[in-house]
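A look at the structure
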Amino acid sequence: MDGGAEGSQQPHLVLANKLFLLTHPDVQDIEKVRLKSEVLDSIKSDGMAPLYETLAASSVLDLDKSLLDSMRANNDEELKKLDEKIADAEENLGESEVREAHLAKALYFIRISDKEKALEQLKLTEGKTVAVGQKMDLVFYTLQLAFFYMDFDLVSKSIDKAKKLFEEGGDWERKNRLKVYEGLYCMSTRNFKKAASLFLDSISTFTTYEIFPYETFIFYTVLTSIITLDRVSLKQKVVDAPEILTVLGKIPFLSEFLNSLHECHYKAFFSAFAGMAEQIKFDRYLYPHFRFYMREVRTVVYSQFLESYKSVTVEAMAKAFGVSVDFIDQELSRFIAAGKLHCKIDKVAGVLETNRPDAKNALYQATIKQGDFLLNRIQKLSRVIDL
């Protein structure tokens, strides 16, 4: 599981994506036949006996006992060679060669997808590592392994570990790479605001091709920014960003999705939105948040439309979005009830009336609330002191 050549994604993460699609309920059966054959080819070429066993046990792949036995025999043979190299390095060579031999064994465990042994071996290698940069590289190997298994607890611990290492030193290139890893972690755990901020910081310094291509990075950056940035920031940081503009057209529907929202072409936005929904649904990291993300985007676009009006007819809004009156009525009722939109529907007149929250009023209410809380605390304290 080496870093992958510049511009190419980690083969293990390509495999992880194929495994995700292979078990996805909405992928066509004929597509799954092709995916199954590709997954099996990857497993055979890297001798991934532990992963093959797991997938066969969960009926994702069919178990071929002779294939499993031959892969295990190859694994044992390869590990024997690696152990001999470690023994030779310990007897005849210096500390850096010993470290390299241990690292080679760790990378082999990663390659055959033996997670527990890979983590043990990485820990052992870390004990023989002095340079901060090399320690950081071990953290990146651990992060790639954690993303393969979607082990977010391990991702979180590894990111914290990397940040501690940076306190001792470390170069900017690795710091920038870590931002992308952390952004992916935040996005995968539904912290879209922080993910957008980390991704936007990394646009001009992106080198983490091992976890995803640059187009995918821009796709994530735009998606997370749309639901977390205000209009002015979105224009400055995303709509007008040259790095984003260069690849925006290469990603289906993304340009229409972003620009139609910013230019208030709501009908075009909804048709692009349908195309984007398909891509989000088949994305390994976004799929668990599919429904949440769809809701957030609709909240943003409805709020933006209503911002321009004191009152507007439901019919005019339906026409602007290119949908039926019933659909808009149902949608808005749901969002108003959830406290996502600040307006009310006059069903008789068929009119929407906005009641935008007044910032000054909200501040006044908050001050009163805090004042009451403080008085209660003082009363409790005075009782204790009186005693």
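Residues numbered from 1 in each chain as written. Predicted model: local features only at pLDDT ≥ 70, side-chain atom pairs only at ≥ 80, totals over all residues. Heavy atoms only, no water.

Attention now goes to the packing of helix α11 (residues 214–226) against helix α14 (residues 254–262). At a minimum axis separation of 11 Å, α11 and α14 run at an interaxial angle of 25°. Compared by their axis directions, α11 and α14 come out roughly parallel. At the point where α11 passes α14, the crossing takes the left-handed sense. From α11, Ile218, Phe219, Val222, Leu223 and Ile226 reach across to α14, where they touch Leu254, Phe257, Leu258 and Leu261. Split into classes, the residues belonging to the contact of α11 with α14 amount to nine nonpolar, no polar and no charged. (Axes fitted to C-alpha atoms, helices over the stretch in contact; angles between N-to-C directions. Helix = DSSP H or I, 4+ residues; strand = E, 2+ residues; numbered from the N terminus. Parallel < 35°, antiparallel > 145°, perpendicular 65-115°, else oblique. Left-handed = near helix turned anticlockwise from the far one by under 90°. Contact = heavy atoms within 4.5 Å. Nonpolar A, V, L, I, M, F, W, Y, C, P; charged D, E, K, R; others polar.)

On to the UniProt feature "coiled-coil region" (unreviewed entry) in the protein. Residues annotated in UniProt with the feature "coiled-coil region" (unreviewed entry) correspond here to residues 68–99. Annotation note: span residues 68–99, helix share 94%, strand share 0%, distance between end C-alpha atoms 31 Å. (UniProt positions renumbered as here; feature names shortened; annotations may be inferred.)

Once that is clear, we can look at the nonpolar core. In this structure, Phe257, Tyr293 and Tyr302 are the most contacted members of the largest nonpolar core, which totals 101 residues. No fewer than three residues from each of domain 1 (171–307) and domain 2 (309–356) sit in this core. Excluding anything up to four places from it in sequence, Phe257 contacts Leu223, Ile226, Phe269, Ala272, Phe273, Met276, Tyr293 and Val297. One finds Leu79, Leu82, Ile110 and Tyr141 within the second-largest nonpolar core, a separate group that totals 14 residues. (Core = buried A, V, L, I, M, F, W, Y, C linked by side-chain atoms within 4.5 Å. Buried < 20%, exposed > 50% of the residue type's maximum accessible area, 1.4 Å probe, protein only. Domains from an automatic or database assignment.)

The subject of this paragraph is the environment of Lys319. Assignment of secondary structure puts Lys319 in helix α17 (residues 314–321). Residue Lys319 is classed as exposed on the basis of its relative accessible area of 66%. Along the primary structure Lys319 and Lys267 are separated by 52 residues, whereas in three dimensions their C-alpha atoms are 8.2 Å apart.

Counted at 1.5 Å a residue, the expected span for α11 with its 13 residues is 18 Å, and the 18 Å between its end C-alpha atoms agrees. With eleven of 13 residues buried, α11 lies mostly within the body of the structure. Every buried residue belonging to α11 is among Tyr214, Phe217, Ile218, Phe219, Tyr220, Thr221, Val222, Leu223, Thr224, Ser225 and Ile226, and all of these are buried. (Expected span 1.5 Å × (residues − 1).)

Our focus in this paragraph is the sheet that holds strand β1 (residues 311–313). Within the open sheet, the three strands sit side by side as β1-β3-β2. Their pairing is antiparallel. Sheet topology places β1 and β2 (343–346) at the edges, where each strand pairs with a single neighbour. Put simply, the sheet's adjacent strands are angled 20° from each other on average, direction ignored. Against the sheet, α17 touches β1, β2 and β3 (351–354), its axis set at about 70° to β1. Along the sheet, helix α18 (residues 325–337) contacts β2 and β3; its crossing angle with β2, the most-contacted strand, is approximately 135°. (Pairing = 2+ DSSP bridges.)

Of note, Glu331 is situated in helix α18. The exposure class assigned to Glu331 is buried, which follows from its relative accessible area of 3%. For Glu331, the residues in contact, after removing those within four places along its chain, are Arg298 and Tyr302.

Size it by volume and the largest pocket reaches roughly 370 Å³. Taken together, 19 residues make up the lining of the largest pocket; nearest its centre are Asn17, Pro213, Thr216, Tyr220 and Asp283. Secondary structure elements with two or more residues in the lining of the largest pocket: α1 (11–22) and α11. Looking at which element gives the most residues to the lining of the largest pocket, the answer is α11, with four residues. Across the lining of the largest pocket, the residue classes tally to eleven nonpolar, four polar and four charged. Roughly 310 Å³ of internal volume is contained in the second largest pocket. Lining the second largest pocket are 13 residues, with Leu119, Thr142, Leu154, Ser158 and Lys161 sitting closest to its centre. Of all the elements, helix α8 (residues 152–168) adds the most residues to the lining of the second largest pocket, at five residues. (1 Å grid on protein atoms, 1.4 Å probe; cavity = no way out; pocket = protein on both sides within 12 Å on 5 of 7 lines; lining within 4 Å. Points joined across faces, edges and corners; volume = space filled by probe spheres on them.)

Another point: the confidence of the model for the protein. Averaged over every residue, the pLDDT of the protein is 85; the share at 70 or more is 96%. Looking at the elements of the protein, mean pLDDT is at its lowest for helix α19 (residues 359–386), recorded as 79, and at its highest for helix α10 (residues 192–202), recorded as 92. Overall, residues 1–6 carries pLDDT values under 50, and its contacts beyond four positions in sequence, including any with other chains, amount to 15 contacts. (pLDDT = per-residue confidence, 0-100.)

For the pair helix α5 (residues 95–111) and helix α6 (residues 115–127), interaxial distance at closest approach is 8 Å and the crossing angle is 165°. When the axis of α5 is compared with that of α6, the two are roughly antiparallel. Taken as a pair, α5 and α6 cross one another with a handedness that is left-handed. Side by side, α5 and α6 meet where Arg99, His102, Leu103, Lys105, Ala106, Phe109 and Ile110 of the first sit next to Lys117, Ala118, Gln121, Leu122, Leu124 and Thr125 of the second. Its residues placed into classes, the contact of α5 with α6 shows seven nonpolar, three polar and three charged.

Turning next to the pattern of salt bridges. Here the structure, examined in full by the defined rule, presents 23 salt bridges. Note that Asp240 is salt-bridged to Lys235, the shortest N-O span being 3.2 Å. Asp240 sits in the partly exposed class, given a relative accessible area of 39%. (Salt bridge = Lys/Arg side-chain N within 4 Å of Asp/Glu carboxyl O.)

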